[in-house]
Amino acid sequence: MDRNIKFELGSEEELNSEESDECTEIVHGPTENNPIDPAHVPKALRRSCSLECCQTDIKTESRVLVLYTGGTIGMVRNDNGVLVPKPNVLEHRLRKSAIFHDVAYAKSRFGHASGKSPLVLPNLGDRMRRALFMIYEYSPLLDSSNMTMDDWIQISKDLKICYENFDGFVILHGTDTLAYTASALSFMLENLGKTVIVTGSQIPIFETRSDGRDNFLSALVIAANYSVPEVCVFFNNRLHRGNRTTKVNTSSLDAFNSPNFAPLVNIGINIEVNQNLIFRPTELEKFHVHTTLNRNVGILRIFPSITTQTVKSFLAEPMHGVVLQTYGAGNIPSSRPDLMEALREATERGVIIINITQCAKGAVAALYETGSALLDVGVLPGYDMTPEAALTKLSYVLAHPDWDIETQRKIMARNIRGELTAPRNILDLTRLPRNRSSSVRLDIDSKSPLESLAALLPLLANGTSLSYIQAVLYPSFLYDAVRAGSIARLEDLKKCGVDLGAKDANSRDALFVATEIGNHEIVEYLLLNGVSVHSRDINGDNPLMLACKKGDVKIADLLLKTGAHLPHQSCLSDVLIKKAEAGDLRSLECFKMAGVQFNQPECCGHTALQSFL
Ligand SMILES: NC(=O)C[C@H](N)C(=O)O
């Protein structure tokens, strides 16, 4: 982590001297895929990123950045009763709302409760962290119908800038194109390790009756407390995988659906997290944003008697990628060789065409002659992808000049962010046009063996809830395997559906244990199997902090390669002083690798170097 981010992003004086409306500096538009230059970061965003290191109680608080793009949630009615976005109102009003801002707590923590200090959610009770949140408001605020790919690029760049300074992110967004934005971001944010939640509302948050309050509050609570390293959509008490969602209702408060994938989290009296459904990064790579998109993409919906000319015009230059919405399980009239010819001609020209269903639920499958014929002309199966996911994935995949057309086709038909349910052997479906005599069976993956095992556990426990048994048993199974240094046993547990990231009563998971005992291979195995580098234990430490304290250079290096950073709130002076006094050079080396600068005063006023001298 770059622990000097507050200096790079602007000094405190500079930030404090700003006027409240300086977020007007935001520019929507750059599309080049270049690294983010801190000099071009808008001042208001710098301020949002500039929470002082000691301002957060590492054990009881989490930091959440709210990116406010617009939408009904923050709209007010004008004189004609029409809803319009109004700038500089949302934060101001939330600061006065007891359910969003605990003034007494903020005063006791920060000495003042308004202005530039973060907003603080009231206490959530047992073992839950308070969300300290900063709101970064875009200008202009947009009805989401006016949002473009440039806005997706801007949001992803802003997330990158603030990524290490926050534990989670909430994006406030209009509902109309929310599913497109969530889907696009899911592809653009590569190796995402933190929770990103897109939410909005059907009724403005300021009105007496509003779904905005619950949606926003729940999104903040989840982002501050749970590791769901995906781009998610929160609406009507459910957290969905973003690229599985679609807007299904113009007026109901239950406006979003995820037709082919169960919710990741259900909110009721309790918060139920479906750990086994969460898509986690499984590469030893850092978080990265892909900031180019291909705009020459489109959606073509087949209808009875569609003309050849319509199809040909749609597929003509400059089109590079087309989502073909076909009937039922992926069918197109077999009595129309003209259509087949137009499609074949386009795929041979290099246009990527992906077949999804027009139905609200279900997948395309080559069950019928009419559907399998599409494979013969090079149209790819999109399985159960939503139109939003298919279109934004095409735009993302086609903007990878480093991937040749064969690779792009393979990736389109492969599950890369949990956006589709793919059969096991898909490679033969993705080649360019070929002669195929038999249709291909699309096996949808069967359920995990855990389901059978899990079914037995409640019986054994005589009514005790399954999640309670899992919470008690999983960490001990895992720790045992880690302590025995047995990847084979971990593999067995994984096959049984055990959540490898399960935490014990001290909020520690198997990655902490493997780091503690210094087993590099097990650390690597756990990282490759989706265990988060960002999880914090009850003391606020993460595995990187542990590796640094232990002076395990090899493990620290591995964690850093996977995007770990030291907890931003931690005050390291005491630790560094002790390490310096003890002459623990390996530990100091690890802290240096993690970005600590020994001559930089910490929030507590010391430097490790000073004390050593
Ligand atoms: N509920 C909403 O947010 C709808 C609004 N038109 C928007 O998408 O910005």
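Conventions used here
- One numbering rule holds for all chains: residues counted from 1, following each sequence as written.
- For a predicted model such as this one, the threshold for reporting local features is a pLDDT of at least 70, and the threshold for listing and counting side-chain atom pairs is 80 or more; totals across whole chains, interfaces and linings nevertheless cover every residue.
- Hydrogens and waters are ignored; side-chain quantities use all the structure's heavy atoms.
- By convention in this document, the label disulfide applies to cysteine sulfur atom pairs within 2.5 Å.
- Two strands pair under a simple rule: DSSP has to find at least two bridges between them.
- Counting from the N terminus, the helices are DSSP H or I runs at least four residues long and the strands are E runs at least two residues long.
- A molecule or strand has a residue near it when one of that residue's heavy atoms lies within 4 Å.
- Within 3.5 Å is the distance limit for a polar contact, defined as a pair of N or O atoms, with the added protein rule that one can donate a hydrogen and the other accept it, and that residues adjacent in sequence qualify only through two side-chain atoms.
- To be clear on the numbers: accessible area is Shrake-Rupley with a 1.4 Å probe, and residue cover counts the displayed protein chains and nothing else.
- For salt bridges, the criterion is a side-chain nitrogen of Lys or Arg within 4 Å of an Asp or Glu carboxyl oxygen.
- Working definition: with a 1.4 Å probe on protein chains only, accessible area under 20% of the residue-type maximum means buried, over 50% means exposed, and in between means partly exposed.
- Buried residues of nine kinds, namely Ala, Val, Leu, Ile, Met, Phe, Trp, Tyr and Cys, make up a nonpolar core once their side-chain atoms join them within 4.5 Å.
- Should any heavy atoms of two residues lie within 4.5 Å, those residues are counted as being in contact.
- What counts as an axis is a line fitted to C-alpha atoms, over the stretch in contact for a helix, and the angles between N-to-C directions run from 0 to 180 degrees.
- Geometric relationships in this document are graded by angle, where less than 35 degrees denotes roughly parallel, more than 145 denotes roughly antiparallel, 65 to 115 denotes roughly perpendicular, and other angles denote oblique.
- Under the scheme applied here, ten amino acids are nonpolar (Ala, Val, Leu, Ile, Met, Phe, Trp, Tyr, Cys and Pro), four are charged (Asp, Glu, Lys and Arg), and all others, including Gly, are polar.

## Looking at the state of the cysteines
So, step 1. Applying the stated criterion across every chain yields a total of zero disulfides.
So, step 2. You can see C548 has no disulfide; the closest cysteine sulfur is in C590, sitting 5.1 Å from it.

## Description of the sheet that holds strand β17 (residues 321-326)
So, step 1. Taking strand neighbours across the sheet as the criterion, the four strands line up as β16-β17-β18-β19 in an open arrangement whose pairing is parallel. Of all strands in the sheet, those bounded by a partner on one side alone are β16 (297-301) and β19 (380-381).
So, step 2. Summarising the sheet, β16 and β17 pair through five bridges and their orientation is parallel. Within β17, the residue paired with V297 across the bridge is G321.

## Some remarks on the site of the ligand
So, step 1. In the region of the ligand, the neighbouring residues are G71, T72, D143, S144, G174, T175, D176, S201 and Q202.
So, step 2. In this structure, a nitrogen atom belonging to the ligand sits 2.8 Å away from a side-chain N or O atom of D176.
So, step 3. The protein chains hide 90% of the 270 Å² of surface that the ligand would expose on its own.

## As for the pattern of salt bridges
So, step 1. Going through the model one piece at a time under the given rule, you end up with 21 salt bridges.
So, step 2. Note that D254 and R238 form a salt bridge whose closest N and O atoms lie 2.9 Å from each other. Linking D254 in the loop between β11 (246-247) and β12 (256-257) with R238 in strand β10 (residues 238-241), this pair joins segments that are 16 residues apart in sequence.
So, step 3. Residue classification places D254 among the partly exposed positions, given a relative accessible area of 30%.
So, step 4. Between K393 and E419 there is a salt bridge whose closest N-O contact spans 2.5 Å. Of the two residues, K393 sits in helix α12 (residues 387-397) while E419 sits in the loop between α13 (405-412) and α14 (450-460), which places them 26 residues apart along the sequence. As far as the burial class goes, K393 and E419 line up, both buried.
So, step 5. Put simply, R508, E516 and D537 are held in one network by salt bridges that share partners.

## A short note on the nonpolar core
So, step 1. Formed by 40 residues in total, the largest nonpolar core has its most connected members in L478, L526, L544, L559 and L566.
So, step 2. In this structure, L478 is in contact with L490, L493, V498, D499, L500, A502 and A510, ignoring residues within four places of it in sequence.
So, step 3. The next biggest cluster of nonpolar side chains, apart from the first, holds 34 residues, and it includes I135, I197, I267 and I278.

## Considering the packing of helix α17 (residues 510-517) against helix α19 (residues 543-550)
So, step 1. At their nearest, the axes of α17 and α19 sit 9 Å apart, and the two run at 10° to each other. Viewed along their axes, α17 and α19 adopt a mutual orientation that is roughly parallel. Residue-level contacts link L511, F512, T515 and E516 of α17 to P543, L546, A547 and K550 of α19.
So, step 2. When its residues are assigned to classes, the contact of α17 with α19 shows five nonpolar, one polar and two charged.

## Some words on the packing of helix α18 (residues 520-528) against helix α20 (residues 553-561)
So, step 1. Relative orientation of the contacting elements α18 and α20 amounts to 10°, with a least axis distance of 10 Å. Relative to α20, the element α18 is oriented roughly parallel. In this structure, α18 contributes H520, V523, E524 and L527 to the contact, and α20 contributes K554, I555, L558 and L559.

Everything listed here is a matter of coordinates, which is why it stays silent on function.
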